[in-house]
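Given next are the chains, with one letter for each unit.
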Amino acid sequence: MSRESQPLQPVASDRPELPGKLPDHLRTELIALRRDLHMHPELGHQEFRTTAAIKARLEKAGLRPRVLKSGTGLICDVGTWDGGRPMLALRADIDALPIPDTKTHVSYRSTSPDRAHACGHDVHTAVVLGAGLVLAELDRQGLLPRPVRLLFQPAEEVLPGGATDAIESGVLDGVGRIVAVHCDPRVDAGRIGLRPGPITSACDRLEVTLTGSGGHTARPHLTTDLVTAAARVAVDAPALLARRMDARSGMSVTWGRIEAGHACNVIPMHAELSGTVRCLDLAAWHEAPDMIHAAIDEIATMHGAKFEINHVRGVPPVVNDPVITELLREAMGARCGAESVEDTEQSLGGEDFSWYLEHVPGAMARLGVRAPGDTAKRDLHRGDFDVDEDAIAVGVEFFTAAALIDGRRTPPSR
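Rules used in this analysis
- Residues numbered from 1 in each chain as written.
- Predicted model: local features only at pLDDT ≥ 70, side-chain atom pairs only at ≥ 80, totals over all residues.
- Heavy atoms only, no water.
- Helix = DSSP H or I, 4+ residues; strand = E, 2+ residues; numbered from the N terminus.
- Rg over C-alpha atoms; globule rule 2.2 N^0.38 Å.
- Buried < 20%, exposed > 50% of the residue type's maximum accessible area, 1.4 Å probe, protein only.
- Areas by Shrake-Rupley, 256 points an atom, 1.4 Å probe, with all protein chains shown as cover.
- Lys, Arg positive; Asp, Glu negative; His and termini not counted.
- Charge placed at Lys NZ, Arg CZ, Asp CG, Glu CD.
- Contact = heavy atoms within 4.5 Å.
- Pairing = 2+ DSSP bridges.
- Axes fitted to C-alpha atoms, helices over the stretch in contact; angles between N-to-C directions.
- Parallel < 35°, antiparallel > 145°, perpendicular 65-115°, else oblique.
- Left-handed = near helix turned anticlockwise from the far one by under 90°.
- Nonpolar A, V, L, I, M, F, W, Y, C, P; charged D, E, K, R; others polar.
- Core = buried A, V, L, I, M, F, W, Y, C linked by side-chain atoms within 4.5 Å.

Chemist: I'd like a description of the overall build of the protein chain, backed by residues and values.
Modeler: When you go through the protein chain residue by residue, the secondary structure sums to 8 helices and 16 strands. Taken over the C-alpha trace, the protein chain has a radius of gyration of 24 Å; the compact-globule value for 414 residues is 22 Å, and the two agree within 12%. Across its three principal axes, the protein chain shows a C-alpha extent of roughly 80 × 50 × 45 Å. For the protein chain, with 414 residues in total, the buried portion stands at 52%. For the protein chain, the exposed area adds up to about 18000 Å²; of that, 52% sits on carbon and sulfur atoms. Once the 45 positive and 57 negative side-chain charges of the protein chain are each reduced to a mean point, those two points are 2 Å apart.

Right, dumping it as C-alpha cells:
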C-alpha cells in the first residue's frame, strides 16, 4: 500500500513571488521538441531516439543524465543531493501507442506508420524537460532550495508498465515524493484537474481461450459449439460480475477482441477473447482474478467447453496523497490563480504511475490541453488526438512552482 506523507509546515506568508517563469525562447524550443517527438513516436522499450534527444538537451544544459539499464528512459538530478531530505521527483512517460495518426491538418503528423503520440506523452516529456532546464538555471543562480530529480520513464503503455522496471533499477533512490501530470482533453489549457485519493483505476489484461470438439453447423448437438460459448462468455461474464462484485467497486470487464472460426459451415475447435479488467477500488482489484475465473468456469462448463485464462496483472489505481495534492493546488494557484484549479473525477483509465506510489507518496494532476472555447468531444488513445501547445508552458511553470514551494518547506519532525 502507498504511504501517505506527513503534513508539512506551511510556507511563510511573506514568501516573495516565485521565480521560474518559462522564457519565450525556451517556450518556442519546447514546442518544437514536442512536435519532433510527435513526428517520431516510439513504442514502449523502443524509445531510443526519444531518450537520445532528451539526454542531449540535458547535457547541453550542463546536467548529467543517466540512461536506465533497459537502454531507454533516463533520470537526471538538478542540484546536488547531500543525502539529507529526500528529493522531489518529476515524472514523465515517453512512449507512444501502436495506432495510426489520422490528423491531416498539421505539419507534425507522425511519420511512423501505425505509431502515434495519442496519449500526450510527448507533452509530458516536454513539460518535465522544460521544468528541469528552468530549475537548472535557478540552481546556477542559487535559487533552487533543494535538488529535484527528473524521471523520463519508458513503456507506460505496456502492462504492467515500465515503472516497475524503473523502480527496480533504482530511480526512487533518494526520492521522497513524486508528482506527474497527464494530458486531459476535457480540461482547458491553462487549468489543471486535481483529486485527492483515487484518480485512476486498476487495469489488467484478460485473455480467454476456449476449446472443444467442433464439427458441422448442420449438427451442433454433436459438437461443442464454441462460437456460442464464446458469445456467452463475452456477454454473461461481465453481467455475472456486475452482480457478484460491490457496484461501488466500479468493476468493468470490456472485450476488445473475439476470434473464432474460418468457415460459415464449420463450428470451430478454438475460440479466443481478450479485453481489459478495470476497478475503481483497490480491494476489488485484489479479488478480481478469483471472481473472474469462477464466472468463466460456470459459463464454459454449461456449454461443455474447456478453457484457459491468462489474467495479466497490470496496474493498481493511482491514489493521490492528500498532502502532495495540496502542494500541487498551491503551486498552480501561485502561477495561475486559485480559479485555474478544478476538481476532477476518478477515471477508469489505468496509469503505471501508481507503482511509484506503492513506495513514496505522490500525486498526479490532469493537465488541461483543450483549446479554450473548443466544444468538440475529444479523447485520449485516438488517432486524431492533439493538444493546445500553450499547455506546455503551463505545465512547466506548474512543476517549477511545485519544486520551489516543496523545497522551501520545513520537513516534518520525525
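Now, onward.
Chemist: Tell me about the environment of Cys 203, residues and numbers included.
Modeler: By the element assignment, Cys 203 lies in strand 8 (residues 202-211). With near-sequence residues (within four places) excluded, Cys 203 lies in contact with Leu 159, Thr 276, Val 277, Arg 278, Gly 314, Val 315 and Gly 350.

Chemist: Hey, could you go over the sheet that holds strand 4 (residues 148-153) for me, with residue numbers and the actual values?
Modeler: Strand order in the open sheet made by the 8 strands is 1-2-4-3-5-16-6-15, with mixed pairing throughout. Of all strands in the sheet, those bounded by a partner on one side alone are strand 1 (66-67) and strand 15 (341-343). Strands in contact with helix 2 (residues 48-60) are strand 1, strand 2 (74-78) and strand 4; relative to strand 2, the strand with the most contacts, it is inclined by about 15°. Running at roughly 155° to strand 16 (residues 362-370), helix 8 (residues 390-408) makes contact with strand 3 (87-93), strand 4, strand 5 (175-188), strand 6 (192-194) and strand 16 of the sheet.

Chemist: Which residues make up the pairing of strand 16, and what values go with them?
Modeler: Of all 9 residues in strand 16, 8 are buried; the element is thus mostly enclosed. Bridging between strand 5 and strand 16 involves 8 bridges; their strand directions are parallel. Within the sheet, the bridge partner assigned to Cys 183 lies in strand 16 and is Leu 367.

Chemist: Go over the packing of helix 5 (residues 226-244) against helix 6 (residues 282-302), please, and point to the residues and values.
Modeler: In a packed pair of helices, the relevant descriptors are the angle between the two axes and the axis-to-axis distance. Direction vectors running N to C along helix 5 and helix 6 enclose 130°, while the axes themselves pass 9 Å from each other. Taken together, the axis directions place helix 5 and helix 6 in an arrangement best described as oblique. For the pair helix 5 and helix 6, the sense of crossing is right-handed. The segment helix 5 lies against helix 6, with Arg 232, Val 233, Asp 236, Ala 237, Leu 240, Leu 241 and Arg 244 engaging Met 291, Ile 292, Ala 295, Ile 296, Glu 298 and Ile 299. Class assignment for the residues of the contact of helix 5 with helix 6 results in 9 nonpolar, no polar and 4 charged.

Chemist: I'd like a description of the nonpolar core, backed by residues and values.
Modeler: Leu 58, Leu 90, Phe 152, Phe 398 and Phe 399 are the most contacted members of the largest nonpolar core, which totals 67 residues. Among the elements that take part in this core, helix 8 stands out by supplying 12 residues, more than any other. Beyond its immediate sequence surroundings of up to four residues, Leu 58 is in contact with Leu 63, Pro 65, Leu 74, Cys 76, Leu 129, Leu 133, Leu 150 and Phe 152.

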